[in-house]
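# Coordinates in review
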Amino acid sequence: MRRTSKLIRVAVGVASLALAATACGGTSSDSGGDSDSSKGDKGLAIAYDIGGKGDQSFNDAAYAGLTKAKDEFGYETADVEPTEGETDADKEQRLISLARQGYNPVIGVGFAYGPAMKAVAAKYPKTTFGIVDSVVEGDNVASLVFAEEQASYLAGVAAAKATKTKTVGFVGGVDVPLIHKFQAGYEQGVKATDPDVKVIPQYLTQTAEEGGFSSPDKGKAAAEGQIEKNADVIYQAAGLSGQGVIEAAAKAKVWAIGVDSDQYRQEALAAYKDYILTSALKDVGGAVYTLAKSVHDGKPLTGTQVFDLKVNGVGLSDSNPKMAEIAGLTDAVAKAKEGIIGGSITVKTE
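In this text the structure is predicted, and so the values were computed from the model without any measurement.

Definitions and cut-offs
- Residues numbered from 1 in each chain as written.
- Predicted model: local features only at pLDDT ≥ 70, side-chain atom pairs only at ≥ 80, totals over all residues.
- Heavy atoms only, no water.
- Pairing = 2+ DSSP bridges.
- Helix = DSSP H or I, 4+ residues; strand = E, 2+ residues; numbered from the N terminus.
- Axes fitted to C-alpha atoms, helices over the stretch in contact; angles between N-to-C directions.
- Core = buried A, V, L, I, M, F, W, Y, C linked by side-chain atoms within 4.5 Å.
- Buried < 20%, exposed > 50% of the residue type's maximum accessible area, 1.4 Å probe, protein only.
- Contact = heavy atoms within 4.5 Å.
- 1 Å grid on protein atoms, 1.4 Å probe; cavity = no way out; pocket = protein on both sides within 12 Å on 5 of 7 lines; lining within 4 Å.
- Points joined across faces, edges and corners; volume = space filled by probe spheres on them.
- Nonpolar A, V, L, I, M, F, W, Y, C, P; charged D, E, K, R; others polar.
- Polar contact = N/O pair within 3.5 Å; in protein donor to acceptor, adjacent residues only side chain to side chain.
- Expected span 1.5 Å × (residues − 1).
- Phe/Tyr/Trp six-rings, centres within 6.5 Å; stacked < 30°, edge-to-face > 60°.
- Salt bridge = Lys/Arg side-chain N within 4 Å of Asp/Glu carboxyl O.

Moving on, we come to the sheet that holds strand E10 (residues 276-282). Working definition: the strands of a sheet are paired by backbone hydrogen bonds and lie parallel or antiparallel to each other. One open sheet accounts for six strands, arranged E7-E6-E8-E9-E10-E12; its pairing is mixed. Two strands lie at the open edges of the sheet, namely strand E7 (198-205) and strand E12 (314-316), each paired on one side alone. Between one strand and the next, the sheet's axes are offset by a mean angle of 15°, whatever the strand orientation. Looking at chain direction, strand E6 (residues 167-174) and strand E8 (residues 233-237) are connected through four bridges and run parallel. By the bridge assignment, Gly172 is partnered in E8 with Ala237.

Encoded structure:
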C-alpha cells in the first residue's frame, strides 16, 4: 500500500510564517504603562498549565517552543510551574512577577489563565502577553487557539480503520468545552469512516482541580474499563493523565492514540511506543515560538491567532511505521485532511 511521506506533520516554520502574515495590532511599546511595567529587556517566559513540565504532551510542547526561541535568539527565558489547588489570584501573581522581571512576551499555557491574563495584561501595557487555548481581549494580548476538532477527526479516521472489535474509546481529562472539541471531532471521524464502529466516551473529572489533567492513575483506570468493554483503540485528550491511558493500552496490547505532542517519540513513553498508533498534534510549540519571534522582531502579534490544518497548526503524526500496515488507513487520513482543508468536510466542535 502506498504510504505518503510525513503524513500531516506539524511544521513550526510553516505555521510561524502563516501566523506572522496574519498579525494584527501594534507593538507592545505603543502605549504607556505604570512605573513598574516591564522594560522588555529579557526574553520569553511561560507559565505552565496543570500537570506542568514533563507531561509528555501539552506543556512539554510549549517548552519546546521556548527552547527553540532561546536557542535562536540567545536571550534569557523562564518557565514556571503551577501549584496544586491554586487560585486565579495565584496565577495573577505569577504573571505579574514575570512581567515585572522584564520578560516579554509572557505566555500562560492553558485556558485556566484567562481571568488572570485579562487582569494582568491591562496593568502592563508595554508587555506582550499570550494565552494558549483561550481568547482574551486586550491590545497587548495574543490569543493562540487551535482547531483541535480537525486533528481529532483525523484521529477518528485512523481509529475506525485500526479497530478490529468495532469498538473504540475516548478519554477526556476534564468535562469542559475545550475537550468537547476533541471528542466531537473524533466521533465524527470514526462515524464518517465506519458507521458501525461504537465510540465509548468518558471524562475523568468535572473540574481541573479534581486532577483530570494530572492523574495518570485516573487515566489508567478509565482505559482499563473501556478495554473491558471491548475497546481496542483509545484516544486520550487528558494531559498528564493520558500517560495512564497509554500504559493501560500497551499492557492490554491494544492501540492508544496520543495528543498534542507526537507521543510515539516521547522518551518517557518509549516502553509503550509500539502501542501508540498515532497522535493528534497541536503545534503549541510553534505558537509559543511565533509569538516570541514577533516580539523579538518588534512586531508583536495581538488578537486571535488560529492554528488549523491549513497552516499545519494541527495534524496527525505518522511516526509509528505500523500505521502503514493497516489497510486503507494512510489513504483515508490523507483524503480526510484534503476534505477538511478544501471545505467539503466541516468538523463539529460539539
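Among the nonpolar cores identified, the biggest contains 66 residues, and Leu44, Ile46, Ile179, Tyr186 and Tyr235 are the most heavily contacted of them. Per-element tally for this core: the top contributor is helix H5 (residues 148-162), with nine residues. Contact partners of Tyr235, with chain neighbours within four places excluded, come to Ser152, Ala155, Gly169, Phe170, Val171, Phe182, Tyr186, Ile257, Gly258, Val259 and Ala280. Within the second largest apolar cluster, 19 residues are counted, among which are Leu95, Ile96, Tyr113 and Phe129.

Turning our eyes to something else, we now look at empty space enclosed by the protein. Summed over all chains, the structure comprises two cavities of 30 Å³ or more. In this structure, the largest cavity is lined by 18 residues; those nearest its centre are Phe58, Ile179, Phe213, Gly239 and Asp260. At the level of secondary structure, the elements contributing two or more residues to the lining of the largest cavity comprise helix H2 (58-73), helix H6 (177-193) and strand E9 (255-260). The element that contributes the greatest number of residues to the lining of the largest cavity is H6, accounting for three residues. Residue composition of the lining of the largest cavity, grouped by class: ten nonpolar, three polar and five charged.

Turning our attention to the environment of Thr349. Within the secondary structure, Thr349 sits in the segment after helix H10 (329-342). Between the C-alpha atom of Thr349 and that of Ala184, which follows or precedes it by 165 residues, the distance is 5.6 Å.

In strand E3 (residues 106-109), alternate side chains face the same way, and those of Val106 and Gly108 on one face and Ile107 and Val109 on the other are all buried. As judged from the three bridges shared by strand E1 (residues 45-47) and E3, these two strands associate in the parallel manner. Residue pairing across strands places Ile46 opposite Ile107, the latter belonging to E3. Sheet topology note: the E3/strand E4 (residues 129-132) ladder contains four bridges and is parallel. Bridge pairing in E4 places Ile107 opposite Gly130.

All right, on to the side chain of Ser152 then. Mapping Ser152 onto the fold places it in helix H5. Exposure remark for Ser152: the relative accessible area of 0% places this residue in the buried category. At 2.9 Å, the side chain of Ser152 and the side chain of Tyr235 are in polar contact. Discounting residues that sit within four places of it in the chain, Ser152 has contacts with Phe182, Gly185, Tyr186 and Tyr235.

So, on to helix H9 (residues 284-296). Between its first and last C-alpha, H9 extends 18 Å over 13 residues, near the 18 Å set by a 1.5 Å rise per residue. With eleven of 13 residues buried, H9 is to be regarded as a mostly interior element. Taken as a whole, H9 has its buried residues at Val284, Gly285, Gly286, Ala287, Val288, Tyr289, Thr290, Leu291, Ala292, Ser294 and Val295. Where H9 ends, the next residue or the one after it, Gly298, has phi of about 80°, a positive value.

Tracing the sequence through the fold places Ser279 in strand E10. Overall, Ser279 belongs to the buried group, its relative accessible area being 0%. Residues within four places of Ser279 in sequence aside, it is in contact with Ile257, Gly258, Val259, Ser261, Asp262, Gln263, Tyr264, Gly315, Leu316 and Ser317.

With the rule as written, the count across this model stands at seven aromatic pairs. Aromatic side chains Phe170 and Tyr186 sit 6.2 Å apart centroid to centroid with 35° between the ring planes, which places their arrangement in the tilted category. With a gap of 16 residues between them, Phe170 in strand E6 and Tyr186 in helix H6 connect regions that are remote in the sequence. For Phe170, a relative accessible area of 0% gives the class buried. Relative accessible area serves as the criterion here: at 0%, Tyr186 is assigned to the buried category.

Before going further, it helps to examine the pattern of salt bridges. Considering all chains together, one arrives at twelve salt bridges under this definition. Between Lys42 and Glu76 there is a salt bridge, with its nearest N and O atoms 3.9 Å apart. Within this pair, whereas Lys42 is found in the loop between helix H1 (12-21) and E1, its partner Glu76 is found in the loop between H2 and strand E2 (78-80), the two being separated by 34 residues in sequence. For Glu76, a relative accessible area of 42% corresponds to the partly exposed category. Linking Lys181 and Glu149 is a salt bridge whose minimum nitrogen-to-oxygen distance equals 3.7 Å. Separated by 32 residues along the polypeptide, Lys181 in helix H6 and Glu149 in helix H5 bring together distant segments of the chain. Looking at Glu149, the relative accessible area reads 10%, which means it is buried. Here the salt bridges do not stand alone but share partners, grouping Asp133, Glu148, Glu149, Lys181 and Lys282 into one network.

Limitation: the analysis is restricted to geometry and does not speak to function.
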